[in-house]
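Architecture at a glance
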Amino acid sequence: MRASLIQIGVDEDESIDSRRRRVAALVRGQDDADLVVLPELWTTGAFAFESFAEAAEPLEGPTYEAMAKAASDTGVWLHAGSIPERDPDGTLYNTSLVFSPSGDLAAAYRKIHRFGFDKGEAVLMGAGAELVTLRLPDTTIGIATCYDLRFPELFRGLVDAGAEVFVLSAGWPERRRSHWTLLARARAVENQAYVLACGTAGTHAGVPQAGHSIVVDPWGEVLAEAGPGEEVLTVDLDPTKVATTREQFPALKDRLLGLETPRR
């Protein structure tokens, strides 16, 4: 399975409409991929809190339409990153969209862990409540977003739901880049799963972004890592490696905590 992570550079001087068109063209350039992944809140910038309300769109809004068409034109599974979604009741959510190669919406995930420590996203947006997995032809992906990466119980729940590949979109700040790499590898090792973590480049509301999108295998080995700028990171994955790793080193079978009935 070939995956392409598009590490989008967010320039505050570029309009959302212009960036939407540019990103759609980048997606169409990945016609040799099976799965394409975009970052978190790439329309606005993950730290551009003051623009969330103005830029928020309904689930089936302009970003939905543009990305659905890009997916169908290219014939790829497209994790279109996340958008500031406005629910009909007025609540904002940080919502990830995944489209099938025919352009149909295959999954939507509302970010559970909101960042901000009682400000920013944490107070401007509602929290999602459901874990989301999606079966692709060769594997099952589990969906997470940025700050979720710091909460291992979410990923354990995705594993219990069948996930073999974690797909995470992010707008991670440069000043905590070492955590980004460390946590991506940790989530891979402890769950014996692939991690595809796609971040943004550029600066959002004065906050430099880490870039360095990363792909990690089930043993925690880094298969590919981007630099700090806009870049397309493409890597071939072997979906059978997850099962092989779990058979060769069956640590998940020794779990005791977090299970309904611990084994003795």
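Definitions and cut-offs
Residues numbered from 1 in each chain as written. Predicted model: local features only at pLDDT ≥ 70, side-chain atom pairs only at ≥ 80, totals over all residues. Heavy atoms only, no water. Helix = DSSP H or I, 4+ residues; strand = E, 2+ residues; numbered from the N terminus. Rg over C-alpha atoms; globule rule 2.2 N^0.38 Å. Buried < 20%, exposed > 50% of the residue type's maximum accessible area, 1.4 Å probe, protein only. Contact = heavy atoms within 4.5 Å. Areas by Shrake-Rupley, 256 points an atom, 1.4 Å probe, with all protein chains shown as cover. Lys, Arg positive; Asp, Glu negative; His and termini not counted. Charge placed at Lys NZ, Arg CZ, Asp CG, Glu CD. UniProt positions renumbered as here; feature names shortened; annotations may be inferred. Pairing = 2+ DSSP bridges. Salt bridge = Lys/Arg side-chain N within 4 Å of Asp/Glu carboxyl O. Axes fitted to C-alpha atoms, helices over the stretch in contact; angles between N-to-C directions. Arc of directions from axis to C-beta. Polar contact = N/O pair within 3.5 Å; in protein donor to acceptor, adjacent residues only side chain to side chain.

Some points on the overall build of the chain
Counting its secondary structure elements, the chain contains 7 helices and 15 strands. Taken over the C-alpha trace, the chain has a radius of gyration of 17 Å; the compact-globule value for 264 residues is 18 Å, and the two agree within 12%. Viewed in the frame of its principal axes, the chain has a C-alpha envelope of about 55 × 40 × 35 Å. Split into buried and exposed, the 264 residues of the chain put 56% on the buried side. Taking the contacts inside the chain whose residues are at least 6 apart along the sequence as the reference set, 66% of them involve residues at least 24 apart. For the chain, the accessible surface area stands at approximately 11300 Å², while carbon and sulfur atoms represent 51% of it. If the 26 positive side-chain charges of the chain are averaged to one point and the 39 negative ones to another, these points end up 5 Å apart.

Quick look at the UniProt feature "domain: CN hydrolase" (unreviewed entry) in the chain
Taken from the UniProt record, the annotation "domain: CN hydrolase" (unreviewed entry) applies to residues 1-239. Secondary structure across residues 1-239 divides into 24% helix and 31% strand, with the first and last C-alpha atoms of the span separated by 7 Å.

Let's talk about the sheet that holds strand β12 (residues 207-208)
What the 3 strands build is an open sheet, ordered β2-β11-β12; its pairing is mixed. Two strands in the sheet have a free side with no partner beyond their single neighbour: β2 (9-10) and β12. In the sheet, strand β11 (residues 201-204) pairs with β12 via 2 bridges, with the strands oriented antiparallel. Bridged to His204 within β12 is Val207.

A word on the pattern of salt bridges
Counting across every chain of the model gives 17 salt bridges. Of the charged contacts, one joins Asp73 and Lys69 as a salt bridge, the two residues approaching to 2.9 Å between their closest N and O atoms. Here Asp73 pairs with Lys69, and both are found in helix α3 (residues 62-74), just 4 residues apart, close to one helical turn. Given the relative accessible area of 41%, Asp73 is considered partly exposed. Put simply, Lys111 and Glu121 hold a salt bridge, and the shortest N to O gap is 3.1 Å. In this pair, Lys111 is assigned in the loop between β6 (105-110) and α4 (121-124) and Glu121 in helix α4, connecting sequence segments 10 residues apart. The same class applies to Lys111 as to Glu121, namely buried.

What to know about the sheet that holds strand β14 (residues 222-225)
In any sheet, the strands associate via hydrogen bonds between backbone groups, in a parallel or an antiparallel arrangement. What the 6 strands build is an open sheet, ordered β7-β8-β9-β10-β13-β14; its pairing is mixed. Bordering the open sheet on either side are β7 (133-135) and β14, each of which pairs with just one other strand. In this sheet, neighbouring strand axes are inclined to one another by 15° on average, regardless of whether the strands run parallel or antiparallel.

Topic: helix α7 (residues 240-248)
For α7, the complete set of buried residues consists of Val242, Thr245 and Arg246. Here the buried residues of α7 occupy an arc of 95° about the axis, which is enough to place them on one side. Of the exposed residues in α7, those oriented more than 90 degrees away from the buried face are Glu247 and Gln248. Against α5 (152-160), α6 (177-191) and β10 (194-198) lie the buried residues of α7.

Considerations on the environment of Asp236
Examined against the element boundaries, Asp236 turns out to sit in strand β15 (residues 231-236). Between the alpha carbons of Asp236 and Arg2 there is a distance of 4.4 Å; along the sequence they are 234 residues apart. In this structure, Asp236 is in contact with Met1 and Arg2, ignoring residues within four places of it in sequence. Side chain to side chain, Asp236 and Arg2 meet in a polar contact 2.7 Å long.

A look at α5
Within the span of α5, buried status applies to Leu154, Phe155, Gly157, Leu158 and Val159. Here the buried face of α5 lies against β6, β7, β8 (140-145), β9 (165-169), α6 and α7. Directly beyond the C-terminal end of α5, a positive phi value near 105° is found at Gly162.

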